[in-house]
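# Inside the fold
Listed here are the chains, written in short residue letters.
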Amino acid sequence: MEKKRIMSVFGTRPEAIKMAPLVKELAAREELESICCVTAQHREMLDSVLEVFGIRPDWDLDIMTPRQTLSTITSKCLTGMDEAIERLKPDMILVHGDTSTTFAGALSAFYHQVPVGHVEAGLRTYDKYSPYPEEMNRKLVTSIADLYFCPTELNRENLRREAVTDGVFVTGNTVIDALKTTVREDYVFATEALNRLPYDSKKLLLVTCHRRENYGQPMEDIMSALAHIARSYGDVELVYPVHLSPAVQECAKKHLSGIANVHLIPPLAADEMHNLMARSYLVLTDSGGLQEEAPALGKPVLVLRRETERPEAISAGTVKLAGVKYDDIVSMAEELISDPAAYAAMAHAVNPYGDGQACRRIADAILWHFGMGGRPEDFRPR
Ligand code: UD1
Ligand code: UDP
């Protein structure tokens, strides 16, 4: 029997973290050959993930430049993918999520008439500028894809409303599979300073912020709200691994450097980040991935965005939309810092996004597509 060659295409940190366990699951299936093409839309932040998960790409487009624009990312990916697909001849291409790499990877697969599997399909806000450009990227990939791996039932329902019903699977999110490999109770940080943080005597606030739609005034307001919170509460320690985007670096430093209980640190390796989250008190973020990981770890989240395509944990009560206004962020954070009842109401572990079996279901669904196996069961949260 000839193996089907499945090429995973990814380029940014979150795609890599969420595709890593799938790349490995595919490699473990004897009917499949798992190959990997990275665009390196992110360079350092991608390489860090590849190292943590021990993945060596078969092809590397190496496209990143400082302050890259959406057009240059997309055009460089498209041009580079031509050669990768012609040389590696995949039977199927997998893309993940909603980045420019995701869109260009899917479009390139279509140009070469290679079927596309969309991992993390069906998330929507229905606002084309929020998240920007991710909402549109995800919708465009929906038009191109042949197989849809939805994390949740709600994501499948979103696709159904767009009349997309064939080849749709509810698998759970692969990020929960990744978390299960990284988080350990006895974990010792490689970043020595993280071992010395006062986890028991202080409240650790873990912060990330990078979204393009937050650039400018929203990000200024977010950062100054964070500075106010840190200055107001001596029992709080704010740890912020700052994204390498120059726009983010400048804004974070402007508002948050020089405050004694604020730690602006370089991006953390995925295993360090996941274990730091597991020991934190509260997460404040505009990240997509953190909104999925923190609930699984029982950590309340304040989302620093106007809306979210991940409403499941809001319904479950562990995530709140704080928005991007100074007063709202300050008052919602203050409540969780100073009111134990309000905190306790949010601090419980829920797993609306997965059970750690997403990669198995996706690999089974791919085999089903090729007539090599049965249809996997749907993920259902317990
Ligand atoms: C991208 C994705 C976004 C995702 C985010 C995850 C798009 C349009 N955006 O946004 O959906 O949430 O990744 O983090 O696809 N940089 C480095 N080194 C790195 C990574 C980035 O120096 O390892 C700097 C570069 O100057 C780069 C800039 O950050 O030009 C922005 O990177 P880019 O991928 O364009 O945008 P993100 O905001 O990271
Ligand atoms: N992450 C990480 N190191 C960091 C910050 C985040 O490993 O310093 C991880 C985080 O745990 C999650 C993913 O990166 O798995 C989220 O990526 P990001 O916030 O950059 O993108 P998004 O999810 O918003 O697209």
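Above this note sits the structure.
Residues numbered from 1 in each chain as written. Chains lettered and ligands numbered in written order. Predicted model: local features only at pLDDT ≥ 70, side-chain atom pairs only at ≥ 80, totals over all residues. Heavy atoms only, no water.

## Describing the sheet that holds strand β7 (residues 168–170)
Within the open sheet, the seven strands sit side by side as β3-β2-β1-β4-β5-β6-β7. Their pairing is parallel. Edge strands, defined here as strands with exactly one partner in the open sheet, are β3 (59–60) and β7. The pairing of strand β1 (residues 4–10) with strand β4 (residues 92–96) spans four bridges and is classified as parallel. From the neighbouring strand, S8 faces β4, where its bridge partner is L94. Sheet strands in contact with helix α4 (residues 100–111) are β1, β4 and β5 (116–119), and its direction is about 160° off that of β4. (Pairing = 2+ DSSP bridges. Helix = DSSP H or I, 4+ residues; strand = E, 2+ residues; numbered from the N terminus. Contact = heavy atoms within 4.5 Å. Axes fitted to C-alpha atoms, helices over the stretch in contact; angles between N-to-C directions.)

## Some details on helix α7 (residues 174–182)
Across the nine residues that make up α7, a large majority, seven, are buried. Looking at α7, one finds that the buried residues are T174, V175, I176, D177, A178, L179 and T182. For α7, the capping residue at the N-terminal end is N173, with a side-chain oxygen 2.9 Å from the backbone nitrogen of V175. (Buried < 20%, exposed > 50% of the residue type's maximum accessible area, 1.4 Å probe, protein only. Polar contact = N/O pair within 3.5 Å; in protein donor to acceptor, adjacent residues only side chain to side chain.)

## Section: the site of ligand 2
By nearness alone, 18 residues border ligand 2, and L268, S287, G288, G289 and E293 come closest of all. At 2.8 Å from an oxygen atom of ligand 2 is found a side-chain nitrogen or oxygen belonging to R13. H210 places a polar side-chain atom, nitrogen or oxygen, 3.5 Å from an oxygen atom of ligand 2. A total of 530 Å² of accessible area belongs to ligand 2 in isolation, and the protein chains cover 95% of it. For the shell around ligand 2, the secondary-structure elements that each account for two or more residues are α1 (13–27), α11 (270–278) and α12 (288–296). Considered class by class, the residues forming the shell around ligand 2 number 10 nonpolar, five polar and three charged. (Near = heavy atom within 4 Å. Areas by Shrake-Rupley, 256 points an atom, 1.4 Å probe, with all protein chains shown as cover. Nonpolar A, V, L, I, M, F, W, Y, C, P; charged D, E, K, R; others polar.)

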